[in-house]
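# Summary of structural features
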Amino acid sequence: MKHCRGKWMTGINTFEVGTDISLVIRQSDIYGNAVYDPYPFTVKVVESDSKLPVTMSGEFLRPLFKNKTEYMLVNVTLKVTGNFSLYIGNASLDIAGSPYLFSCIPGTYIDNCS
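These notes cover the structure that comes with them. (Residues numbered from 1 in each chain as written. Predicted model: local features only at pLDDT ≥ 70, side-chain atom pairs only at ≥ 80, totals over all residues. Heavy atoms only, no water.)

### Quick notes on the pairing of strand S3 (residues 21-26)
Going by this rule: Each residue is placed in one exposure class: buried if its accessible area under a 1.4 Å probe, protein chains only, is under 20% of its type's maximum, exposed if it is over 50%, and partly exposed if it falls in between. Helical segments are the DSSP runs of H or I of at least four residues, strand segments are the runs of E of at least two, and each set is numbered from the N terminus. DSSP-based pairing: two strands are paired if at least 2 bridges between them are found.
Taken across its 6 residues, S3 has 5 buried, putting it largely inside the fold. In the sheet, S3 pairs with strand S6 (residues 71-76) via 6 bridges, with the strands oriented antiparallel. Paired with Ile-21 across the bridge in S6 is Val-76.

This is the structure we're talking about:
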């Protein structure tokens, strides 16, 4: 798991409140070979200064493509502004580069009204 790497989907780590915060993870083994079966990742967002957990919504983890792939997509949405840290890993180990720092700026949050 520590050989997996993440990258912001858009290359930018600033998002408007209510929009998708997307990180692509490439799963690989110790030798850099692609791993196609999903690791059991956990996803957690904390406020950068206080380290308090932040409530998030969204589709936390899914394959990036329909075909079998080593790329997984982490998708979360926040309702608050500020600076945050996105942790991806499991109970004992984070992926390389985790936590991923990002900011949420004011925007229009629209709740799903269905």
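### As for the packing of aromatic side chains
The geometry of an aromatic ring pair is captured by two quantities: the separation of the ring centres and the angle between the planes. Threshold: The criterion for an aromatic pair is that two Phe, Tyr or Trp rings (for Trp, the six-membered ring) have centres within 6.5 Å, with stacked assigned to planes under 30 degrees apart, edge-to-face to planes over 60 apart and tilted to the rest.
In total, this model carries 6 aromatic pairs according to the counting rule given. Judged by centre distance (6.3 Å) and plane angle (85 degrees), the rings of Trp-8 and Tyr-100 are edge-to-face. Placement of the pair is Trp-8 in strand S1 (residues 5-8) and Tyr-100 in strand S8 (residues 100-105), with a sequence separation of 92 residues. Note on Trp-8: relative accessible area 13%, which makes it buried.

### Notes on the sheet that holds strand S2 (residues 14-16)
Selection criterion: Helix axes are fitted to C-alpha atoms over the stretch in contact, other axes to C-alpha atoms as well, and angles between N-to-C directions run from 0 to 180 degrees.
As summarised here, the arrangement of the 4 strands in space is S2-S8-S7-S4, forming an open sheet in which the pairing is mixed. Sheet topology places S2 and strand S4 (42-47) at the edges, where each strand pairs with a single neighbour. Averaged over neighbouring strand pairs, the angle between their axes works out to 30 degrees when direction is ignored. Pairing of S4 with strand S7 (residues 82-89) involves 6 bridges; the strand directions are antiparallel. Note on S7: the bridge partner recorded for Glu-47 is Phe-84.

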